[in-house]
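Here are the chains, one letter per residue:
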Amino acid sequence: MAEPWVTIIGLGEDGPDGLTAASRKALNEAQIVFGGPRHLDLVGAGDRGQPWPVPFSVEPVLAVKGQRVVVLASGDPFWFGAGSSLTRHLQPGEWVAHPAPSCFALAAARLGWRLEESLCFGLHAAPFERLVPVLAPGQRIIATLRDGAAPAQLAAWLTDQGFGASTLHVLEALGGPRERVRQGRADDFDLTGVQHPVAVAIDPAGAAGLPRASGLADDLFAHDGQITKRPIRALTLSALAPRPGQMLWDLGAGSGSISVEWCLAAPGARAIAVERRDDRARNIHTNIARFGLDNRMDVVTAPSLQALADLPAPDAVFIGGGADQALLTALWDRLPAGTQIVINAVTLDTETLLAQWHGDKGGQLLRVELAEAQPLGTLRGWAPARPVVQWSVTR
C-alpha cells in the first residue's frame, strides 16, 4: 500500500475555525498548500500557498509527489470539487481526505429540503442549459453558480425557458459569518449585492418541462429536414437500448437528434455524431448547446468511413443514412463483440443491402410504414411516409 502524501481538506466559510484536529495537523506540517486564492487566504498559507492554475489542472500537485502536500477545496471535495480530479491520478493510499459539509447539504438544511430528492448541479463553470433535461414543476434543484451576478442571469434564463414562475432561493456564503438566504421569483428577480460563493435552490414552476419518453417533437431540434422523424426516432432509440455510461457512434448524424436523445435517455450516456457536411454539423452543435450536452456529445465533421479509425470503442452504432457495403464491412471488422448496431434504410438499394446482411449475420429486420392524417380537399385522408427498413443486430 502506498504511503499518503496528499491530504485533501474540505474548507467551510468559517475557515480554519471549522477544521478538525487532523486537518489542522496536516496544514501545519504541509510543505505546499494548493487551493483557490480565497482558500489560501483563509488558512494563512503564506509562502507555502500555490493557487490553482487557470484553466484548472491537478498537474502542479502531481509534479511535487513525495512532498507533504495539502489540497484545499470547498466543503466536500468529492462533490463537484477537486477531490476526484486529483485522486484518479493517484494510487490507493496516496491520499487522505477530511471533507466538510457540502454547500448542497447546507442548502438543504437551511431550506428543509430532502437532499436525496433534490438534483445537484455545479454550474460555476457550466452553461445553464445543463438544466434543460431536468427542469419540471416539482423537481427541486440546487446549483452552485460562478459569481454574484449569476443568480440574476439564471433568473432571466429560466424566464426565457418558460419557468418564470419558479422560486429561487439565493444562498450566500453558507456556513460562515457572511451567510445570507433570500428568495425571489425568477420573472421578478430583484435581489442585489449577491456575494460569492453563492448557490441557488430552484423550485421550478411554469412550463411542463422536457418529456422523458423517446421521440421528442421534431421542432425542438435545429435541422434542415435531414432528421430521423419522431416516430422512427422512438423505435430507433428502443432498438439501440441506451444504458448509463454507454457510448454511441451516430454515423451520418444529420441533425444529431438520435445522439441527443441517446444522451438524454441514460445518466452519463455519451455520443459522437459523425457528419460530413459542415452546415449539418453546425446544426448538431446548436442542438448540443440547446439541450445542455456539451459535456457528453462530440461532433466529427468527416465521412463516416474516414472517421472510424480515430473513434473510441462504442457500445452502440446507429446509421441513419449512407450505409453501404464498404462501411458495413469496416464496422463489422472494427467493432468489439457485444456492440449493438441499428441501421435505418429508406432506399431500395440500402434495403437490399440490409436484407443481405440480415441473412448472413442475423438480428432483426423490421419494415415500418406510417401514415399521417392530412387535409384532402374539404375532408381528410392518409398521407403515407416513405417506408423505413430497420436492421438491428448485436455484433
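This text follows the structure it describes.
Keep in mind that what you see is a predicted model, and the values were worked out from it rather than measured.

Asker: Kindly report on the side chain of Gln390, identifying the contributing residues and their values.
Answerer: Turning to its location among the elements, Gln390 is positioned in strand E19 (residues 388-394). By relative accessible area, Gln390 is classed as buried at 5%. In terms of polar contacts, Gln390 uses its side chain to reach the side chain of Thr236, at 3.4 Å. Gln390 has contacts with Leu235, Thr236, Ala239, Val342, Ile343, Asn344, Gln364, Leu365 and Leu366, leaving out every residue within four places of it along the chain.

Asker: Talk me through the side chain of Arg296; I want residue IDs and the actual numbers.
Answerer: As for its placement among the helices and strands, Arg296 is situated in the loop between helix H9 (278-290) and strand E13 (297-300). Comment: no salt bridge for buried Arg296; closest opposite-charge side chain is Asp294, at 8.6 Å. Once residues within four sequence positions are removed from consideration, Arg296 is found in contact with Cys263, Ala266, Pro267, Gly268, Ala269, Arg270 and Ala271.

Asker: So what's going on with the packing of helix H11 (residues 325-334) against helix H12 (residues 348-361)? Residues and values would help.
Answerer: Two elements in contact, H11 and H12, have axes separated by 11 Å at closest approach and are oriented at 30°. By the criterion of interaxial angle, the relationship of H11 to H12 is roughly parallel. Where H11 crosses over H12, the handedness of that crossing is right-handed. Together, Gln325, Leu328, Thr329 and Trp332 of H11 and Leu353, Leu354, Trp357 and Lys361 of H12 make up the contact between the two elements.

Asker: Run through the packing of aromatic side chains, naming residues and quoting values.
Answerer: Overall, the coordinates contain eight aromatic pairs when judged by the stated rule. Seen from their ring centres, Phe80 and Phe104 are 5.5 Å apart, and the 55° between their planes marks the pair as tilted. Of this pair, Phe80 sits in the loop between strand E4 (69-74) and helix H4 (82-87) while Phe104 sits in helix H5 (residues 103-111); the two residues are 24 residues apart in sequence, bridging distant segments of the chain. By relative accessible area, which is 43% here, Phe80 ends up partly exposed.

Asker: Tell me about the sheet that holds strand E5 (residues 95-98), and please be specific about residues and values.
Answerer: Ordered in space as E3-E2-E4-E1-E5, the five strands form an open sheet in which the pairing is parallel. Two strands close off the open sheet at either side, each with one partner strand: strand E3 (49-51) and E5. Strand-to-strand twist in this sheet, taken as the mean axis angle between neighbours without regard to direction, amounts to 20°. Bridging between strand E1 (residues 6-11) and E5 involves four bridges; their strand directions are parallel. Within the sheet, the bridge partner assigned to Thr7 lies in E5 and is Val96. Of the strands in this sheet, E1, strand E2 (32-35), E4 and E5 are in contact with helix H1 (residues 21-29), which crosses E1 at around 125°.

Asker: Break down the sheet that holds strand E9 (residues 180-185) for me, with residues and values.
Answerer: Taken together, five strands build an open sheet; the order of strands is E6-E7-E10-E8-E9 and the sheet is mixed. Pairing within the sheet leaves two strands with one partner each, and these edge strands are strand E6 (119-122) and E9. Taking each pair of neighbouring strands and ignoring which way they run, the sheet shows an average axis angle of 20°. Here strand E8 (residues 167-172) pairs with E9 via six bridges, running antiparallel. The residue bridging Leu168 from the neighbouring strand is Gly184, located in E9. Along the sheet, H5 makes contact with E6, strand E7 (141-145), E8, E9 and strand E10 (198-203), crossing E7 at roughly 130°. In the packing of helix H6 (residues 150-160) onto the sheet, the strands contacted are E7, E8 and E10, and the crossing angle to E10 comes to about 25°.

Asker: Can you break down unusual backbone geometry residue by residue, with the values?
Answerer: The residue after Val54, namely Pro55, is reached through a cis peptide bond having omega 0°. Structurally, the position occupied by Pro55 is in the loop between E3 and helix H3 (59-62). Residue Pro197 follows His196 across a cis peptide bond; omega there is 0°. Within the fold, Pro197 resides in the loop between E9 and E10. Look at Ala241: it is not a glycine, yet its phi comes out positive at around 55°. In this fold, Ala241 is placed in the loop between helix H7 (230-240) and strand E11 (247-251). Looking at Ala241, the relative accessible area reads 27%, which means it is partly exposed.

Asker: Quick one: what's the story with the packing of H7 against helix H8 (residues 257-265), residue by residue and with numbers?
Answerer: Across the interface, H7 lies against H8 with an axial gap of 10 Å and an inter-helix angle of 55°. Relative to H8, the element H7 is oriented oblique. Every pair of crossing elements has a handedness; the one defined by H7 and H8 is right-handed. Judged by residue contacts, Arg233, Thr236, Leu237 and Leu240 of H7 engage Ser257, Ile258, Glu261 and Trp262 from H8. Its residues placed into classes, the contact of H7 with H8 shows four nonpolar, two polar and two charged.

Cut-offs and rules
Residues numbered from 1 in each chain as written. Predicted model: local features only at pLDDT ≥ 70, side-chain atom pairs only at ≥ 80, totals over all residues. Heavy atoms only, no water. Helix = DSSP H or I, 4+ residues; strand = E, 2+ residues; numbered from the N terminus. Buried < 20%, exposed > 50% of the residue type's maximum accessible area, 1.4 Å probe, protein only. Polar contact = N/O pair within 3.5 Å; in protein donor to acceptor, adjacent residues only side chain to side chain. Contact = heavy atoms within 4.5 Å. Lys, Arg positive; Asp, Glu negative; His and termini not counted. Salt bridge = Lys/Arg side-chain N within 4 Å of Asp/Glu carboxyl O. Axes fitted to C-alpha atoms, helices over the stretch in contact; angles between N-to-C directions. Parallel < 35°, antiparallel > 145°, perpendicular 65-115°, else oblique. Left-handed = near helix turned anticlockwise from the far one by under 90°. Phe/Tyr/Trp six-rings, centres within 6.5 Å; stacked < 30°, edge-to-face > 60°. Pairing = 2+ DSSP bridges. Nonpolar A, V, L, I, M, F, W, Y, C, P; charged D, E, K, R; others polar.

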